[in-house]
Amino acid sequence: MAPSSRTTVFFGLGLSLGLVISFTLTTYSSLKLTLPKIVYHASYGSELGSDVDKTRGLNIDEHILFPNERANNLKGPNRFPQSIHSHEELDKLGGPDKEFHFKDAHAHNDDSTVAEELYHKVRVLCWIMTSPDNLQKKAIHVRATWARRCNKLLFMSSVTNSSFPTIGLNISEGREHLTAKTMRAYNYVADNYMDEADWFMKADDDTYVILENLRYFLSDVDPNEPVFYGHLFKTIVKQGYFSGGGGYVLSKEALKRLRGRDQNQCRSDGGAEDVEIGKCMEKLGVKTGKSHDSFGRSRFHCFDPEMHLRGGFPDWYYTYDAHGAKSGLGSISDYAISFHYIPPQRMYALEFYVYHLRPYGLVSKSQSLNLKTNSTS
């Protein structure tokens, strides 16, 4: 073959190959841009289109498919993992420097008659476990959101801060002293506020509570019964015990028995706070109460909403949870009460979703979700 003919053939082959490669790349890019990503939501088997969450730099579908994975370079106050499993993870996150207040209540047309009636009928004192280092990082945001709906609100710390304010319990900080902190906090509440509430709730500074739902649940329960409620764990204590982070609420009678305990009846410090409170209550004859709604759905939660919706719990949870570690929409009550491991950003997001976001034209009617008898578990 002549040199000129070979050149013509090679040129033609190269041109053809280049066109094929170009077409392939263009087609792939087009598909990547136009086709929705498919997310398999393991908890209820639906398929959802998704895209990259640009505010966090996380690919949501990958994170839901692989819940134990963490995206790299999670830095700054506006980036956090889809779900948080521990206080260590939570403490790595930043947060707003100042509290934020929603000021659009005047624009809503909500009928709050029933909620206001329950506010006066079912009086709830909330005390928040916090520390000097967490006042501006976490506690300030609790105060600005859900906790302002408590009938009485107290912040318990190791030292007194008169400007916040906090009540100093004269105890060293650290997880090894949470039992002493809790015991002293309830002693203080019993000595000073016993007659100002019917129910006494302990929550952490990363807990989010919907007080209206708590009051509705408690409206059918006698506070003079020795009972307390929360997210029930079935291990260690015979009758079970409640997650400290998910919050637990004591009846007035339960608080009276806790305050009147013998000095050697319950552990005064050390151990795991929620376990020790559970052991103490069992010795005092205070029962762990059932809090599931009439459809068997949970109301108190030791993780954030996303975790309870999609599953992917830590391994220990499958052994501890008293109700089978269920997840998905069908497992969470419409009148859910509490969630845990809520960073400040998400606390404001929950405040917006629960109290401000409304679909036009849909008017929700109250449901009857309390069990006919809120017996003990």
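See the structure shown above.
Residues numbered from 1 in each chain as written. Predicted model: local features only at pLDDT ≥ 70, side-chain atom pairs only at ≥ 80, totals over all residues. Heavy atoms only, no water.

Enquirer: Can you explain the overall build of the protein? Please cite residues and give values.
Expert: If you tally the helices and strands in the protein, you get 12 helices and 15 strands. Within the protein, contacts between residues separated by at least 24 positions form 73% of all contacts whose residues are at least 6 apart in sequence. Per element, the accessible surface of the protein, about 19,900 Å² overall, is 54% carbon and sulfur. (Helix = DSSP H or I, 4+ residues; strand = E, 2+ residues; numbered from the N terminus. Contact = heavy atoms within 4.5 Å. Areas by Shrake-Rupley, 256 points an atom, 1.4 Å probe, with all protein chains shown as cover.)

Enquirer: Any chance you could break down the state of the cysteines for me, citing the residues and the numbers?
Expert: Using the criterion set out here, one finds two disulfides in the structure. Disulfide partner of C126: C150, at an S-S distance of 2.1 Å. Judged by the sign of its S-S torsion, about -95 degrees, the cystine formed by C126 and C150 is left-handed. Of this pair, C126 sits in strand 5 (residues 124–129) while C150 is found in the loop between helix 5 (135–144) and strand 6 (152–157), placing the two residues 24 residues apart along the sequence. Using a relative accessible area of 1% as the deciding quantity, one classes C126 as buried. According to the relative accessible area criterion, C150 is buried, its value standing at 5%. With its sulfur 1.9 Å from that of its partner, C266 forms a disulfide with C280. Classification of the bridge connecting C266 and C280 rests on its S-S torsion, roughly 80 degrees, and on that basis the disulfide is right-handed. Of the two residues, C266 sits in the loop between helix 8 (252–259) and helix 9 (273–283) while C280 sits in helix 9, which places them 14 residues apart along the sequence. For C280, a relative accessible area of 1% gives the class buried. (Disulfide = S-S within 2.5 Å. Buried < 20%, exposed > 50% of the residue type's maximum accessible area, 1.4 Å probe, protein only.)

Enquirer: So, the packing of helix 5 against helix 12 (residues 344–355): which residues are in play, and what are the values?
Expert: In contact at an axis separation of 10 Å, helix 5 and helix 12 are set at 10 degrees when each is read in the N-to-C sense. Taken together, the axes of helix 5 and helix 12 are roughly parallel relative to one another. Touching K137, H141, V142 and A144 of helix 5 are P344, M347 and Y348, all from helix 12. (Axes fitted to C-alpha atoms, helices over the stretch in contact; angles between N-to-C directions. Parallel < 35°, antiparallel > 145°, perpendicular 65-115°, else oblique.)

Enquirer: Just give me the short version of the pairing of strand 5, but keep the residues and values in it.
Expert: Each regular strand carries side chains that alternate between the two faces of the sheet. Across the six residues of strand 5, six count as buried, placing the element largely inside the fold. Of the two faces of strand 5, the one lined by V124, C126 and I128 and the one lined by L125, W127 and M129 are each fully buried. Relative to strand 8 (residues 199–204), strand 5 is paired through six bridges, and the arrangement is parallel. Bridged to M129 within strand 8 is D204. Pairing analysis gives five bridges linking strand 5 to strand 6, with the strands arranged parallel. Bridged to C126 within strand 6 is L153. Between strand 5 and its parallel partner strand 6, the chain crosses via helix 5, and the hand of that crossover is right-handed. (Pairing = 2+ DSSP bridges. Right-handed = clockwise from strand over helix to strand, strands pointing away.)

Enquirer: I'd love a proper account of helix 12, names of residues and values included.
Expert: In a regular helix each residue adds 1.5 Å, so 12 residues correspond to 16 Å; helix 12 covers 16 Å between its end C-alpha atoms and thus fits that length. P344, Q345, R346, M347, Y348, L350, E351 and Y355 are the residues of helix 12 that are buried. Against helix 5, strand 9 (208–209), helix 7 (211–218) and helix 10 (305–310) lie the buried residues of helix 12. (Expected span 1.5 Å × (residues − 1).)

Enquirer: Go over the pairing of strand 13 (residues 248–251), please, and point to the residues and values.
Expert: Where burial is concerned, the two faces of strand 13 agree: the one with Y248 and L250 and the one with V249 and S251 are both buried. As paired elements, strand 8 and strand 13 share four bridges and run antiparallel to each other. Pairing of F200 across the sheet is with L250, part of strand 13. Note: strand 10 (residues 227–230) against strand 13, three bridges, orientation antiparallel. Residue pairing in the sheet places Y229 in a bridge with V249 of strand 13.

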